[in-house]
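Chain and residue survey
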Amino acid sequence: MVRKTSKSRGSSVIAALIVLCALIGYGLSEWKLLPDTMEAVPASRQAAEEGMAPEKITLPEKGEPVRMLTMNTGNYFVPEDPRRSNFQVKYKPVEAREAIAELVRHSGAEIVGLSEMGGEAAVRDLQMRLKRKGVQLPHKVLVMRDGEDRGLALLSKYPIVSNRSVTDVPVPGEPKRRKTMLRGILDATVKMPDSRQFRLIGVHLKSRLSRDGSAEETRRREAYALRDYLNGVMASQDGMPLLLYGDFNDGPADSSVQVIQGPAKTDSRLNRLKPRDSRGETWTIYYEDGDTYHSFDHIFINNTLKKRLGRKPPMGVLDTPPSRQASDHRGIWVELR
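Residues numbered from 1 in each chain as written. Predicted model: local features only at pLDDT ≥ 70, side-chain atom pairs only at ≥ 80, totals over all residues. Heavy atoms only, no water.

Scanning all chains against the criterion turns up 25 salt bridges. The partner of K157 in a salt bridge is E110, and the shortest N-O contact between them spans 3.7 Å. Remark: E110 occurs in the loop between α3 (94-107) and β3 (111-117) and K157 occurs in the loop between β5 (151-156) and β6 (160-163); sequence separation between them is 47 residues. What makes K157 partly exposed here is its relative accessible area of 42%. Look at E110 and you get buried, because its relative accessible area is 16%. The shortest N-O distance in the salt bridge between R220 and E217 comes to 3.3 Å. (Salt bridge = Lys/Arg side-chain N within 4 Å of Asp/Glu carboxyl O. Helix = DSSP H or I, 4+ residues; strand = E, 2+ residues; numbered from the N terminus. Buried < 20%, exposed > 50% of the residue type's maximum accessible area, 1.4 Å probe, protein only.)

As structure tokens, this is what we get:
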């Protein structure tokens, strides 16, 4: 009996040690996500660690230009969309919706990336207004997170051959109240009639408003999550033209934008474009409270697309009259080749 009891106790001790080691290991893995130690992993290293063999992408040489437009629609809410949160939404006036459709028509864009879309009904509403103006953008992707009223949408004249969008993107080190990017990542590949392809990634980072002053920190953490995602994308496809666009709620010199761009003079570097309006100005949003102008909406391209577009691709900031009625943000565009 004594030997049997000793054996039982010994087994219990071993089991306890195993559980303790597991808990310590888990704790160490969590400690790695502390803000001061976060680091975006270079794409080449990430590919090697995950054992991925990059897909070699061979595409036709640059062809006819394709205009890509991106803009924050300024809460494109319509009554037909269900509410997804306790946020008291204000439906976008018909005049403002018409102004957005007119901006898209006037821009000549064949691909349009949008943020702050209210859902499926909002997308259909815009497509209907565009169709009345002779603009056909039948192909679409919509990304809506549970509990979030504002979504990301992509409208295209050309087929969308791949949709890898993610609604719940883990954010390193976020407090328990939010462990994923607020609005997810739209990730779609559009194919031209001549077989050219463009991988388009759209985001809308946390706004600059917060009750507890945590907005800046949240954006920085979202930037790290986005950068890690981009590293994986670029490591998985060699030679794919990639464009990142959206409302980043930060300017070119802010840390979140620097994190997203990645290390200079590397294969994983993203190059920020600098579109200007008819007066040579670059701002995309005006805050009446404080009387300040900011460039918070950006377009980034990878080195593959940079080579295709050349040093000075046609691009711009929309500043026609409908801009003032359509949204508090101004749209930006670039011609892809």
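Further remarks concern the confidence of the model for the protein. Summing up the model confidence of the protein, the mean pLDDT is 85 and the portion of residues at 70 or higher is 82%. Segment residues 1-49: pLDDT under 50, and 32 contacts once partners within four positions in sequence are set aside and those in other chains are kept. (pLDDT = per-residue confidence, 0-100. Contact = heavy atoms within 4.5 Å.)

Burial runs high along strand β14 (residues 297-302): six of the six residues are buried. Neither face of β14 is open: one carries D297, I299 and I301, the other H298, F300 and N302, and all of them are buried. Examined bridge by bridge, strand β11 (residues 270-272) and β14 share three bridges and lie antiparallel to one another. Residue pairing for β14: L270 is matched across the bridge by N302. (Pairing = 2+ DSSP bridges.)

Counting through the fold element by element, Y91 comes out in the loop between β2 (66-76) and α3. For Y91, a relative accessible area of 39% puts it in the partly exposed group. Residues Y91 and Y76 lie 15 residues apart in sequence; the distance between their C-alpha atoms is 7.1 Å. Setting aside residues no more than four positions away along its own chain, Y91 makes contact with F77, V78, P79 and R83.

Going through the model one piece at a time under the given rule, you end up with four aromatic pairs. Judged by centre distance (4.8 Å) and plane angle (65°), the ring pair of W283 and Y293 falls under edge-to-face. A residue pair is termed long-range when its members are at least 10 positions apart, and W283 in the loop between β11 and β12 (285-287) and Y293 in strand β13 (residues 292-294) qualify at ten residues. Among the aromatic residues, ring-to-ring pairing joins W283, Y286 and Y293 into one connected group. The ring of W283 has R330 sitting right over it, with the charged end atom 3.6 Å from the ring centre. (Phe/Tyr/Trp six-rings, centres within 6.5 Å; stacked < 30°, edge-to-face > 60°. Lys NZ or Arg CZ within 6 Å of the ring centre and 35° of its normal.)

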